[in-house]
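Fold and geometry: a report
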Amino acid sequence: MFEIKKDRIGAALEVIPNNSLNLSMTSTEKKLIGIGYQSIVLSPFMLVVRREEEFTIFPSGKIVVSSSLDKIKLKELATEIYQVIG
C-alpha cells in the first residue's frame, strides 16, 4: 500500500504510495474536510491539512509530516487518508 521513510535530511517523515496517484488537490481537500481535517494551504501542486497533525499532500499521493509523530500512528493516519482520497 505505502512505504514510510525519513526524508533526505531526517527532519520529516514521508509516506509514499506503492503506486503513484494523480490526485486533484481540490477534490482531495473536500474529502479530507469531510472527515474533520482543516485546510491550511491549497494549490494545484500541494495541499496542507491539519487535524491531529499537519500533513502536506502532493498530487502523486506522497504525504509529508514534519512532526515527531511515531511511525505506528503515522501508518494509522496515512491509511485513513488513503482510504478517503482513493
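The text that follows walks through the structure, step by step, so that each part is easy to find.

Criteria and thresholds
Residues numbered from 1 in each chain as written. Predicted model: local features only at pLDDT ≥ 70, side-chain atom pairs only at ≥ 80, totals over all residues. Heavy atoms only, no water. Core = buried A, V, L, I, M, F, W, Y, C linked by side-chain atoms within 4.5 Å. Buried < 20%, exposed > 50% of the residue type's maximum accessible area, 1.4 Å probe, protein only. Helix = DSSP H or I, 4+ residues; strand = E, 2+ residues; numbered from the N terminus. Contact = heavy atoms within 4.5 Å. Arc of directions from axis to C-beta. Lys, Arg positive; Asp, Glu negative; His and termini not counted. Salt bridge = Lys/Arg side-chain N within 4 Å of Asp/Glu carboxyl O. Pairing = 2+ DSSP bridges. Axes fitted to C-alpha atoms, helices over the stretch in contact; angles between N-to-C directions.

Among the nonpolar cores identified, the biggest contains 21 residues, and Val15, Leu32, Phe55, Leu74 and Ile81 are the most heavily contacted of them. For this core, the secondary-structure elements that each account for two or more residues are β1 (2–6), β2 (13–17), α1 (25–33), β4 (46–50), β5 (54–57), β6 (63–65) and α2 (71–85). Element by element, the count of residues in this core is highest for α2, at six residues. With residues near it in sequence (within four places) discarded, Phe55 still touches Tyr37, Leu47, Val48, Val49, Ile63, Val64, Val65, Leu69, Leu74, Leu77 and Ile81.

For the rest of this paragraph, the subject is α1. Among the residues of α1, Met25, Thr28, Glu29 and Leu32 are the ones counted as buried. An end-on view of α1 places all buried positions within 105 degrees of arc, on one side of the element. Close packing links the buried residues of α1 with β3 (38–43), β4, β5 and α2.

Residue position: Glu29 is located in helix α1. Despite its burial, Glu29 pairs with no opposite charge; the closest candidate is Lys30, at 7.0 Å N-O. Glu29 has contacts with Ser39, Leu42 and Leu47, leaving out every residue within four places of it along the chain.

Time to look at the sheet that holds β2. In spatial order, the strands read β1-β2-β6-β5-β4-β3; together these six strands make up an open sheet with antiparallel pairing. Here the strands that pair on one side only, and so sit at the sheet edges, are β1 and β3. Strand after strand, the sheet turns through a mean of 20 degrees between neighbouring axes, direction not considered. Summarising the sheet, β5 and β6 pair through two bridges and their orientation is antiparallel. Looking at β6, one finds that Ile57 is bridged to Ile63.

In the case of a regular strand, side chains alternate between the two sheet surfaces. Pairing between β3 and β4: five bridges, direction antiparallel. Bridge assignment links Gln38 to a residue of β4, and that residue is Arg50. Between β3 and the antiparallel strand that follows it, β4, lie two residues. Note that β4 and β5 share four bridges and pair antiparallel. Across the sheet, residue Arg50 finds its bridge partner in β5, namely Glu54.

Any functional reading would require information beyond the geometric quantities listed.
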